[in-house]
Amino acid sequence: MLKIGIGPSSSHTLGPWRAAEGFVLQLKGAGVLHAVTRVRVELYGSLALTGRGHGTDIALIMGLTGADPVTVPLEDVHAVPQRVRSEQRLNIAGAHAVRFEYNDDIVYHRDQRLPGHANGMIFSAVDGAGETLLSSTAYSIGGGFVVFEGDEHTDAGRTVPHDVSTGAALLACCRSTSCSLADIARENELAHCTETELDAGLAAIWRVMREAVHRGCSASGILPGGLEVHRRAPDLVRRVTGIEIPANADDWFARLENTQPDFARTLKFVGAFSIAVNEENAAFGRIVTAPTNGSAGVIPAVLLYYRYLSPMQVSERDVYDFLLVAGLIGGIFKTGATISAAMGGCQAEIGVSSAMAAAALTEGLGGSPEQAVMAAEIAMEHHLGLTCDPIGGLVQIPCIERNSMGAIKAITAAHIALESESERAKVSLDAVVKTMWETAQDMNTRYKETSLGGLAVNVAVSIPEC
């Protein structure tokens, strides 16, 4: 549920990037890579409608070249596609050069949708005679997850000791074992890795989150895409702290330690943290999908609030537990509903991330598993029906500010749950997950990351053609 990747969209950038990598592996597996002279990618549904604004073309090229979004130098994310466009040559897997005409070999079928998912794409590779060597259909299903049509792979072999597919099952595990949510999540993770590997992975996620906040609070200028959106996080932080951001991230976070600002300053800090991450996301920076890129600012902002601004003494292990609980709750929504805005609107992104953060914060502040699950329900309940209507197909307006709202709702939900008797709750987490999915199915497609309704059509903008 928490992946290190490149902005601006998990379903429109990271997913297609991973799909392109997967297609290259298929070419290698079929033994035909050496014979390929041309590669073509056709985009359908939401990918076609908002792909340009989300950098889908950039992601596809990077994936085909074999670049890894976790480690690729950020400057390459723009430099490599620009070079491919100017030279009309693409180096598949960094080893096999083919002709690539940018405007012809990435096709946007804006009026068509594939049957498997709103984010569909078809990869084709041909030889010198124009014969198709391999064709493959893939779906980017949200959160950077990709499914290839006809892929028989299942998770049947990935057994875990605890059933965490629903809120009820999760709480039953906690009661029968007297374990916390974090303990349950850790035991499930350790079924497939060592504790050293798990903690190293969590440490990497935490590091990237902190770095994204620091970069976003330090960088200025206008975000790419043509909307002329100015970065605001640096000014917000400067007004709150009265100081320039130190070049070293650790120095800055050390200054924040236990500052315990008043309510108004806390709101400003949380807002700045979340906005910083999503401005980085919009600028094709490295962030953590949590559970998506468009909602990547919520969990870091709430986690930084917990780690540095709350009265709690928070250790690194506490931070890792926070991330584990967040992932646990996100998995319930992915299993029972969706984390794709193209399928469920923004409730599937900001709503889910707010629920994840609320549960993690509640347990971190000393709440019971029941209170933590209650907090997740409260956070999502008040995001039900939230539409996805990005102006110009860019993850900027209203997406960046929505992360701030989602973070504040998560903190509010946590504190409500901490002061409540969970056994008196009238709405269960499973009921709200079910309701969210039903709402998603009823929602008009214009409000599902297509930019065909809402703010996307009621705010006049002029964006130059790519």
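Now for a look at the structure at hand. (Residues numbered from 1 in each chain as written. Predicted model: local features only at pLDDT ≥ 70, side-chain atom pairs only at ≥ 80, totals over all residues. Heavy atoms only, no water.)

### Thoughts on the side chain of glutamine 347
As for its placement among the helices and strands, glutamine 347 is situated in the loop between helix 14 (341–344) and helix 15 (350–364). With relative accessibility at 0%, the residue glutamine 347 sits in the buried group. A distance of 2.9 Å separates the side chain of glutamine 347 from the backbone nitrogen of glycine 385, its partner in a polar contact. Discounting chain neighbours no more than four positions away, the residues touching glutamine 347 are Val352, Met380, His383, Leu384, Gly385, Leu386, Met436, Thr439, Ala440 and Met443. (Helix = DSSP H or I, 4+ residues; strand = E, 2+ residues; numbered from the N terminus. Buried < 20%, exposed > 50% of the residue type's maximum accessible area, 1.4 Å probe, protein only. Polar contact = N/O pair within 3.5 Å; in protein donor to acceptor, adjacent residues only side chain to side chain. Contact = heavy atoms within 4.5 Å.)

### Thoughts on the pattern of salt bridges
Applying the stated rule across the entire model yields 21 salt bridges. In this structure, glutamate 101 engages arginine 99 in a salt bridge whose closest nitrogen and oxygen atoms are separated by 2.6 Å. Taking relative accessible area as the criterion, arginine 99 reaches 36% and is therefore assigned partly exposed. When salt bridges that share partners are traced, they join Arg186, Glu195, Asp199, Arg317 and Asp321 into one network. (Salt bridge = Lys/Arg side-chain N within 4 Å of Asp/Glu carboxyl O.)

### Here we look at the packing of helix 15 against helix 17 (residues 399–418)
Contact pair helix 15 / helix 17: the axes reach a minimum separation of 8 Å and the direction vectors enclose 40 degrees. Looking at the two axes, helix 15 sits oblique to helix 17. For the crossing formed where helix 15 meets helix 17, the hand is right-handed. On the side of helix 15, the interface is formed by Ile350, Ser354, Ala357, Ala358, Leu361 and Thr362, while helix 17 contributes Arg402, Asn403, Gly406, Lys409, Ala410, Ile411, Ala413, Ala414 and Leu418. (Axes fitted to C-alpha atoms, helices over the stretch in contact; angles between N-to-C directions. Parallel < 35°, antiparallel > 145°, perpendicular 65-115°, else oblique. Left-handed = near helix turned anticlockwise from the far one by under 90°.)

Interpretation note: all reported values are geometric properties and have no functional meaning in isolation.
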